[in-house]
Structures are given as structure tokens and as C-alpha cells.
Amino acid sequence: MINFLVKCFAIIIIVFGVHTPSAYAEPLSSLLPDFLINNNQYRAAQSDAEAASESVLTARGAFYPTLDVTGTYGNERQLKPDAADTSMTSREIDFIFTQRLWDFGATDATVNTARLQHEQTIAVLGTTRSSLLLRAFSVYMNVIRAAKSLTFALQSEENVKK
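None of the values given here were measured: they were computed from a predicted structure.

K.L.:
Please provide a residue-by-residue account of the overall build of the protein, values included.
P.N.:
On a plain count of helices and strands, the protein comes out with four helices and two strands. Counting from the amino terminus, the protein carries its helices and strands in the arrangement α-α-α-β-β-α. A total of 162 residues make up the protein; the buried ones form 11% of that total. A total accessible area of about 13300 Å² is found for the protein, and carbon and sulfur atoms account for 62% of it.

Encoded structure:
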């Protein structure tokens, strides 16, 4: 019974393998760029690296001064019992300019931490790329190995028929 199933499976593989056109075969070098561009894991690592780069710029922003602007505008009506009522427009604008002079190295430490995190994400991006390329190469080699095994099996079958 098992031999029968193995023979049926081999026949199915041979039949579908023989009818597979080789026009779709592409070299590995043309498949890899699309593989990396379309891979979610690689795109996530790229996004992490970009986000870490932006966080370095954000951390450096603590060195720069800040300007806070607050404005109010409105109508004010005062009802006075002993005097004439007044109705005026109220306007106010406040500007607050702040510059940190010294924070005992806290900003430097924040910038260095952000820079190190960026370097780490770049390393993770390289590792992710390498592992994906290795995996793609292994799969490609397994496909080539299976195709050569199929060719060898077909040649063996022809030799047995002779």
C-alpha cells in the first residue's frame, strides 16, 4: 500500500514537473531586489532605522531655544452698579523665550542614547538583510536541487524503459 502511494506521488510530481515550462526560470540576482523590497520584515527594519534617525534629531532639539506664544482675544462687558457699563475688546499676546543653559549633561546623554539606538537599528537592518538573503539563497538552492533530482529521475525512468 505504501509503495503504491509513493509511486502515485512520484507520478504526480513527474507529470506536473514535466509540464512546467522553464520560461519562468529567473536568475537569483534578478529575484533578490524585489524580494527585499516586498518583504515586510525588511521594510519594518528600514522603518525602525528611519524612526531612530528622526529620534536623534528630536533629541538634538533640546539644545535649541523654545518660543511659546499665547494669545487671547475677546469681548469684555462689565456691568457696574454705581457707574456706566463698559464694553471693550480684550487682546493679549504673551511671548516666552526659554533657553536651557546647563542641565548637567542630561541632554548630551539623551542625544548619545538616541545615536546609539540609531546605530543599533542600522545593525539590526543589516542582520535582517543578511538573514533574509541567506534564507532566499537556501530556498533557491533547494529549488535547483529538486529540479536536478527531477531531471535525474526522468532520465532514470527513460533508462529503465529502454
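K.L.:
Now, about unusual backbone geometry: what can you tell me, with residues and values included?
P.N.:
Keep in mind that most residues, glycine aside, have a negative phi and that most peptide bonds are trans. In the Ramachandran plot, Phe104 falls in the positive-phi region, its phi being about 60° despite a non-glycine side chain. Examined against the element boundaries, Phe104 turns out to sit in the loop between strand 2 (86–98) and helix 4 (106–161). Classification of Phe104 by relative accessible area gives exposed; the value is 73%.

K.L.:
Kindly report on the packing of helix 2 (residues 28–38) against helix 4, identifying the contributing residues and their values.
P.N.:
Put simply, helix 2 and helix 4 touch, their axes get as near as 11 Å, and they point 135° apart. Taken together, the axis directions place helix 2 and helix 4 in an arrangement best described as oblique. Relative to helix 4, the crossing made by helix 2 is right-handed. Facing Leu28, Leu31, Leu32, Phe35 and Leu36 of helix 2, the residues of helix 4 in contact are Arg129, Leu132, Leu133, Ala136, Phe137 and Tyr140.

How each quantity is defined
Residues numbered from 1 in each chain as written. Predicted model: local features only at pLDDT ≥ 70, side-chain atom pairs only at ≥ 80, totals over all residues. Heavy atoms only, no water. Helix = DSSP H or I, 4+ residues; strand = E, 2+ residues; numbered from the N terminus. Buried < 20%, exposed > 50% of the residue type's maximum accessible area, 1.4 Å probe, protein only. Areas by Shrake-Rupley, 256 points an atom, 1.4 Å probe, with all protein chains shown as cover. Axes fitted to C-alpha atoms, helices over the stretch in contact; angles between N-to-C directions. Parallel < 35°, antiparallel > 145°, perpendicular 65-115°, else oblique. Left-handed = near helix turned anticlockwise from the far one by under 90°. Contact = heavy atoms within 4.5 Å.

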